[in-house]
Amino acid sequence: MKICQTVEEIRAACREARAAGKSIGLVPTMGALHRGHASLIEAAAAENDFVVVSIFVNPTQFAPTEDLSSYPRTLEADCKLAEQIGARAVFAPADKEMYPVGECTWVEVVGSMTKILCGASRPTHFRGVTTVVSKLFNIVQPDRAYFGQKDGQQAQVIRRMTQDLFMPVDIRVMPIVRESDGLALSSRNIYLSVEERQAALALSRSLNKAQALIGQGERGKSKIMQAVREEIAAEKLAVIDYAEIYSFPDLAVFGDNVSGEVFIALAVKIGKTRLIDNIVVACR
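Residues numbered from 1 in each chain as written. Predicted model: local features only at pLDDT ≥ 70, side-chain atom pairs only at ≥ 80, totals over all residues. Heavy atoms only, no water.

Caption draft 1: Molecular detail of the sheet that holds strand S8 (residues 260-270). Taken in spatial order, the three strands line up as S7-S8-S9 in an open sheet, and their pairing is antiparallel. Every interior strand has two partners, whereas the edge strands, strand S7 (238-247) and strand S9 (273-283), have only one. Within the sheet, the average angular offset between the axes of one strand and its neighbour, ignoring direction, is 15 degrees. Bridge count between S8 and S9: eleven bridges; the pairing is antiparallel. Paired with Phe263 across the two strands is Val280, which belongs to S9. Contacts from helix H10 (residues 221-233) reach S7 and S8, with the element oriented near 155 degrees to S7. (Pairing = 2+ DSSP bridges. Helix = DSSP H or I, 4+ residues; strand = E, 2+ residues; numbered from the N terminus. Axes fitted to C-alpha atoms, helices over the stretch in contact; angles between N-to-C directions. Contact = heavy atoms within 4.5 Å.)

This is the structure we're talking about:
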């Protein structure tokens, strides 16, 4: 497996693969790889001949008060895992490689899709995400790119950007990977104490409760979300940032009654750690 640190190195590796007639899959990550990331790499390896995993803690998607400096960085272990499950190249650039001095270009999806949920409390977050992902698409020129449903809003924003800019990349969104007790895998889970880890199960419990209510025929948006919020509020260590419901995949607001496919999304602080989770439910 090749480990590339410069744009030219990874471009050369991709040119070589493309010249040999190989399809290219890209898995963008910020490192600290876990089984959720592994599922993306495995999916990419099953559908492509040459898999690139990018490992880059993107500074432009962090606000000044967020955990950029303390975000876990485990490059050596990440490279070993990526190679074991099918990656053929890792792209691990420095900040200055991705954001050269004097750069003044951003790629941004505007409108309600980036103003709700994480966009409401992190107003510059998605501009950083779409800018770095567009850079990675231009550098690697993949046939397919793989994202996790845990970052469900992010995945739909990237899909919108790709469609609007006619980028020739197939966006593949893979299911959330959970622990046996329901906790969604996240690189930030390592911040949780034993007590906080147990408290974090309130997120998946609340989503399961919403799914059960919809399955029983409940269509009242306020009733469904009241049950979600009450389940989380019962956990003393949990503080809700947001708990909201939108149509899926467009993330549009609907009236008092839910219909079609719905996206129920959470952001909750457990101690000092902000966790997100979501579920997509079909109202039949």
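Anyway, onward from the coordinates.
Caption draft 2: Quick look at the side chain of Lys150. Checked against the element boundaries, Lys150 lands in the loop between strand S5 (144-148) and helix H7 (152-164). Among buried Asp, Glu, Lys and Arg side chains, Lys150 stands out as unpaired, with Asp151 the closest opposite charge at 4.1 Å. For Lys150, the contacting residues outside a window of four places in its chain are Ile176, Ala184, Leu185, Ser186, Ile276 and Asn278. (Buried < 20%, exposed > 50% of the residue type's maximum accessible area, 1.4 Å probe, protein only. Lys, Arg positive; Asp, Glu negative; His and termini not counted. Salt bridge = Lys/Arg side-chain N within 4 Å of Asp/Glu carboxyl O.)

Caption draft 3: Expanded view of the environment of Thr74. Mapped onto the secondary structure, Thr74 falls in the loop between strand S3 (50-55) and helix H3 (75-84). When its relative accessible area of 35% is taken as the criterion, Thr74 is described as partly exposed. Remark: the alpha-carbon pair of Thr74 and Gly31, spanning 43 residues in sequence, is separated by 6.7 Å. Residue contacts for Thr74: discarding those within four places in its chain leaves Ala32 and Leu33.

Caption draft 4: Layout of the pattern of salt bridges. Following the criterion strictly, the structure yields 15 salt bridges and no others. In this structure, a network of salt bridges that share partners links the residues Arg205, Lys209 and Glu231.

Caption draft 5: Representation of unusual backbone geometry in the model. The peptide bond linking Phe248 to Pro249 adopts the cis configuration, its omega dihedral lying at 10 degrees. Despite not being glycine, Gln141 shows a phi value in the positive range, around 55 degrees. Mapped onto the secondary structure, Gln141 falls in the loop between helix H6 (125-140) and S5. Although it is not a glycine, Leu251 sits at a positive phi angle of roughly 55 degrees. By secondary structure assignment, the location of Leu251 is in the loop between S7 and S8.

Caption draft 6: Region of interest: the packing of helix H9 (residues 201-215) against H10. The geometry of H9 relative to H10 is characterised by a closest axis approach of 8 Å and an angle of 155 degrees between their N-to-C directions. Judged by the angle between their axes, H9 and H10 are roughly antiparallel. In the crossing of H9 with H10, the sense of the turn from one axis to the other is right-handed. Here Ala202, Arg205, Ser206, Lys209, Ala210, Leu213 and Ile214 of H9 lie close against H10, whose contacting residues are Ile224, Ala227, Val228, Glu231 and Ile232. When the residues that make up the contact of H9 with H10 are grouped by side-chain class, the tally is eight nonpolar, one polar and three charged. (Parallel < 35°, antiparallel > 145°, perpendicular 65-115°, else oblique. Left-handed = near helix turned anticlockwise from the far one by under 90°. Nonpolar A, V, L, I, M, F, W, Y, C, P; charged D, E, K, R; others polar.)

Caption draft 7: Quick peek at the sheet that holds strand S4 (residues 89-91). Taken together, the six strands give an open sheet; going across it, the order is S1-S4-S3-S2-S5-S6, and neighbouring strands pair in parallel fashion. Only two strands of the sheet have a single partner each, and these edge strands are strand S1 (2-4) and strand S6 (170-174). Averaged over all pairs of adjacent strands, the angle between their axes in this sheet comes to 25 degrees, without regard to strand direction. Sheet analysis places S1 next to S4, joined by three bridges and oriented parallel. The residue of S4 that forms the bridge with Ile3 is Val90. Where H6 meets the sheet, it contacts strand S2 (24-29), S3, S4, S5 and S6, and its direction lies at approximately 150 degrees from that of S2.

Caption draft 8: Representation of the environment of Gln211. Of note, Gln211 is situated in helix H9. Along the chain, Gln211 and Ile224 lie 13 residues apart, while their C-alpha atoms are 8.8 Å from each other. Not counting the four nearest positions on each side in its chain, Gln211 is found in contact with Ile279 and Val281.

Caption draft 9: Structural view of the pairing of S9. Most of S9 sits out of view: eight of its eleven residues are buried. Between S8 and S9, which pair antiparallel one after the other, the connecting turn spans two residues, and Gly271 there sits at a positive phi close to 65 degrees.

Caption draft 10: View of the state of the cysteines. On inspection of all chains with the given rule, the structure shows zero disulfides. Not engaged in a disulfide, the cysteine Cys14 finds its nearest cysteine sulfur in Cys4; these two sulfurs lie 7.7 Å apart. (Disulfide = S-S within 2.5 Å.)

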